[in-house]
Amino acid sequence: MANVIVGLALLAFWLYCLFDVITTPAEYIRGLPKGVWVLITAVPAIGGLLWLLAGRPPLAPAVPEQAEEPPPAPRGPDDDPEFLRNLERRLRDED
């Protein structure tokens, strides 16, 4: 039973690494070209370890270096003076 669990864990690790190589854009891969990394990860356990240690792009920092100013919050119609003037004008015209 333990062999089955270890085998399934290795299979999952290998599939994760292979999928990660395939879906990573080529310009972010370190060291070797993408096609070579696909071939390397075809070797089940060792290829995946090599990919994670030497080929995978480094993780992006959690906090961006330059925080951009957030976009302005949407304004409601009652905060827009032009909308209120048009509303008053339309209400007067209806009477």
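In this text the structure is predicted, and so the values were computed from the model without any measurement.

### Quick word on the pattern of salt bridges
Thinking step 1. Applying the stated rule across the entire model yields three salt bridges.
Thinking step 2. The salt bridge partner of Arg 56 is Asp 20, with a shortest N-O separation of 2.5 Å. Taken as a pair, Arg 56 in the loop between α3 (44-55) and α4 (81-94) and Asp 20 in helix α1 (residues 2-23) lie far apart in primary sequence, 36 residues in all.
Thinking step 3. Owing to a relative accessible area of 23%, Arg 56 belongs among the partly exposed residues under this scheme.
Thinking step 4. Residue Asp 20 is classed as buried on the basis of its relative accessible area, which comes to 11%.
Thinking step 5. The shortest N-O distance in the salt bridge between Arg 85 and Glu 82 comes to 3.0 Å.

### Quick word on a nonpolar patch on the surface
Thinking step 1. A contiguous nonpolar surface patch, about 630 Å² in accessible area, is contributed by Met 1, Val 4, Ile 5, Leu 8, Leu 11 and Leu 15.
Thinking step 2. Since its relative accessible area comes to 49%, Val 4 is described here as partly exposed.

### Observations regarding the packing of aromatic side chains
Thinking step 1. Applying the stated criterion across every chain, the model contains one aromatic pair.
Thinking step 2. Considering the side-chain rings of Trp 37 and Trp 51, the 5.6 Å spacing of their centres and the 70° angle between planes classify their relative orientation as edge-to-face. Here Trp 37, found in helix α2 (residues 34-41), pairs with Trp 51, found in helix α3; they are 14 residues apart in sequence, far enough to count as distant.
Thinking step 3. A residue is classified by how much of its surface remains accessible, and Trp 37, at 4% relative accessible area, is buried.

### Digging into the side chain of Thr 41
Thinking step 1. Turning to its location among the elements, Thr 41 is positioned in helix α2.
Thinking step 2. Within the structure, Thr 41 has its side chain in polar contact with the backbone oxygen of Val 38 (distance 3.0 Å).
Thinking step 3. Not counting residues up to four positions away in its chain, the partners in contact with Thr 41 are Trp 14, Cys 17, Leu 18, Val 21, Gly 47, Gly 48 and Trp 51.

### Considering the packing of α1 against α3
Thinking step 1. Running from amino to carboxyl end, α1 crosses α3 at an angle of 45°, the nearest separation of the two axes being 9 Å. In this view, α1 runs oblique relative to α3, as classed from their interaxial angle. You can see that α1 and α3 cross each other, and the crossing is left-handed. Between α1 and α3, the contacting residues are Leu 10, Phe 13, Trp 14, Tyr 16, Cys 17, Asp 20 and Val 21 on the first element and Pro 44, Ala 45, Gly 48, Leu 49, Trp 51 and Leu 52 on the second.

Quick notes on the rules
Residues numbered from 1 in each chain as written. Predicted model: local features only at pLDDT ≥ 70, side-chain atom pairs only at ≥ 80, totals over all residues. Heavy atoms only, no water. Salt bridge = Lys/Arg side-chain N within 4 Å of Asp/Glu carboxyl O. Helix = DSSP H or I, 4+ residues; strand = E, 2+ residues; numbered from the N terminus. Buried < 20%, exposed > 50% of the residue type's maximum accessible area, 1.4 Å probe, protein only. Patch = residues over 30% accessible without salt bridge, like charges linked within 9 Å, V, L, I, M, F, W, Y side chains within 5 Å. Areas by Shrake-Rupley, 256 points an atom, 1.4 Å probe, with all protein chains shown as cover. Phe/Tyr/Trp six-rings, centres within 6.5 Å; stacked < 30°, edge-to-face > 60°. Polar contact = N/O pair within 3.5 Å; in protein donor to acceptor, adjacent residues only side chain to side chain. Contact = heavy atoms within 4.5 Å. Axes fitted to C-alpha atoms, helices over the stretch in contact; angles between N-to-C directions. Parallel < 35°, antiparallel > 145°, perpendicular 65-115°, else oblique. Left-handed = near helix turned anticlockwise from the far one by under 90°.

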